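Geometric and topological summary
Single-letter residue listing:
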Amino acid sequence: MFIKPITIPNRKNKKRYTYYRLCESYRIGDKVRHRNILNLGTLKDLPDRKDHKLLADYIEAIVYKKSFLIEPDIPEKIKRLARHYASIIINDHLLDLPHKEKSTYTPDYDEIDINSIEHEEARDAGAEWLCKQILHRLELDKYLETLGWEDKWIRIGMIYVIARLLYPASDHDTENWLHDNTALCELFDIAPHKISRHHLYRVSHMFYKDKDNIETYLSKKVSQLFGLDDKIILYDLTNTYFEGEKENSEKAKRGRSKEKRSDCKLMALAMITDIYGFPRYSKIYPGNIKDEKTLNEVIHDLDNHNPFIKEHKRIIVMDRGIATEENLKLLRDGKQYDYVVVCRARMNEIEVMNIENQGVELQDTKGNRIWAMWVKEAEDNILYVKSFKKQLKEESMKEAFSRRFEEALEGIKNSISRKGGTKRLQKVYERIGRLKERYPSIWRYYDIKIKHEK
């Protein structure tokens, strides 16, 4: 990627204005052409054009998730702009990238004159006060007292929970945050310098020791406060990685990392929440656990730790990785759970036993057309859903990416017969490999054949 200046004259005042575009180059035959990716405006925050290459390189690194061999010294304002423009490219599907859920994050920037601000020991207190009121409504401090916690550790524990909500970082960074940036400690009548990371280490161990009791209490308390019936629960599994060796850890194991860090040891977390996002139960597993192997134990523990929600049959929502036939049979035989699973199958892939109707056309909350039809199989009911707008969007994106992919293939082909072009077989394979990496959702639909004459 590179940034290209565009100069446009103004006919009225005879002035010339310069705008910038983020572009990428591609080859057709023996000609190199430029494709516009994104208009960047005037880039008034980067008047020095030497910074434009850094900006383009950092945008490319974020979009394609590349890492630098030697990390360059990039100013913070360039990183901020790069993250902003990269989020536009990813969210608006301006390049053919591996599929990712669209983020709901919307940048919201404002400009102020930082030279006009004066302050002394300024600390935040708004969000901290709101969190404190919520914890008191939950009466968490009173429950910790029933578990035998001393008053000092109850207050540190409340500080620790709020810090985790507002500033999720290491205990070392949290210590600095409590000392320099927030009035959280003062809200609990503790001087900030009285709390060190060693206090945070200890209180986290205390929480983990009483984890099951605290989870059960909070789950019941939340249901009472908001009148929740827990009829529908959501279950999923995730994992995180350690960059250290973790040689003495019993649960840090090597496995398939969901953050693409399979070079590190992992730890898995299983969690059940209700439809409003309130956690109901969680459990930590070794990092090499398979998603489908956790359901039986989690369901058993959920029933034991939450006996107050056994009054009615519940519906568990899970993803395809957990919904193996063995697990579905477990839920059917238990008679306590129904289930909802997303199955990304086409209509012709479903063995239809009986079609009850020909479907109905609906509209979603944005007015987009959706077609839905109930389909019955032997043991399951399937709701087949088709979004017309999503279909048109996917077809349009696929057509554009296919056209670019074919243009690039044609360029490789022409290069073989052109003087000075790439003719070595190994180099041709490398160019095709890089092209496949650039268009991961398109290349699989093409059959590329190479005829090599010795």
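The sections below set out a description of the structure shown in this document. A quick note: this is a predicted structure, and the numbers were derived from the prediction, not measured.

This brings us to the overall build of the protein chain. Within the protein chain one finds 13 helices and 12 strands. On C-alpha atoms alone, the protein chain measures out to a radius of gyration of 28 Å, which is more than a quarter above the 22 Å that the 2.2 N^0.38 rule sets for 454 residues. Overall size of the protein chain, expressed as C-alpha extent along the three principal axes, is 80 × 75 × 55 Å. Expressed as a percentage of the 454 residues in the protein chain, the buried residues total 33%. Working note: accessible area of the protein chain is about 30,800 Å², and carbon and sulfur atoms make up 50% of it.

This part takes up a negative patch on the surface. Where like charges cluster on the molecular surface, the negative patch consists of D45, D108, D110 and E111. Relative to the helices and strands, E111 is located in the loop between helix 2 (76-91) and helix 3 (126-138). Note on E111: relative accessible area 63%, which makes it exposed.

Glancing now at helix 13 (residues 425-438). Between its first and last C-alpha, helix 13 extends 20 Å over 14 residues, near the 20 Å set by a 1.5 Å rise per residue. Turning to helix 13, its buried residues number three or more, namely V428, I432 and L435. In a view along the axis of helix 13, the buried residues occupy a sector of 55°, so they form one face of it. Facing away from the buried side of helix 13, by more than 90 degrees, are the exposed residues Q426 and E437.

This part is about the sheet that holds strand 6 (residues 279-286). Strand order in this open sheet of five strands is 6-5-4-7-8, and the pairing throughout is mixed. Every other strand in the sheet has two partners, leaving strand 6 and strand 8 (337-341) as the edge strands with one partner each. Direction aside, neighbouring strands of the sheet carry axes that sit 25° apart on average.

Calculation criteria
- Residue positions are counted from 1 within each chain, in the order its sequence is given.
- In keeping with the predicted nature of the model, local features appear solely for residues at pLDDT of at least 70, side-chain atom pairs appear and are counted solely at 80 or more, and the whole-chain, interface and lining totals rest on all residues.
- Side-chain calculation: all heavy atoms of the structure are included, whereas hydrogens and water are not.
- Working definition: helices are DSSP H or I runs of at least four residues, strands are E runs of at least two. Numbering for both runs from the N terminus.
- Each radius of gyration is computed over the set of C-alpha atoms, and the globule rule expresses the reference value as 2.2 Å times the number of residues to the power 0.38.
- Partly exposed describes any residue whose relative accessible area lies between the buried limit of under 20% and the exposed limit of over 50%, with all areas from a 1.4 Å probe on protein chains only and scaled to the type maximum.
- Where accessible areas are quoted, they stem from the Shrake-Rupley method and a 1.4 Å probe; at the residue level, only the protein chains shown are allowed to cover.
- Patches here are clusters of residues that have more than 30% relative accessible area and form no salt bridge, with a 9 Å joining cutoff for like charges and a 5 Å cutoff for nonpolar side chains (Val, Leu, Ile, Met, Phe, Trp, Tyr).
- Counted as salt bridges are all cases of a side-chain nitrogen of Lys or Arg within 4 Å of a carboxyl oxygen of Asp or Glu.
- Think of it this way: Lys and Arg go in the positive column, Asp and Glu in the negative one, and His and the chain ends go nowhere.
- Taken as the charge centre is NZ of Lys, CZ of Arg, CG of Asp or CD of Glu, depending on the residue.
- Expected helix span is computed as 1.5 Å times (number of residues minus one).
- Think of the arc as the fan of directions from the helix axis to the C-beta atoms.
- Two strands pair under a simple rule: DSSP has to find at least two bridges between them.
- Orientation is described by axes fitted as lines to C-alpha atoms, over the contacting stretch for helices, and by angles from 0 to 180 degrees between their N-to-C directions.

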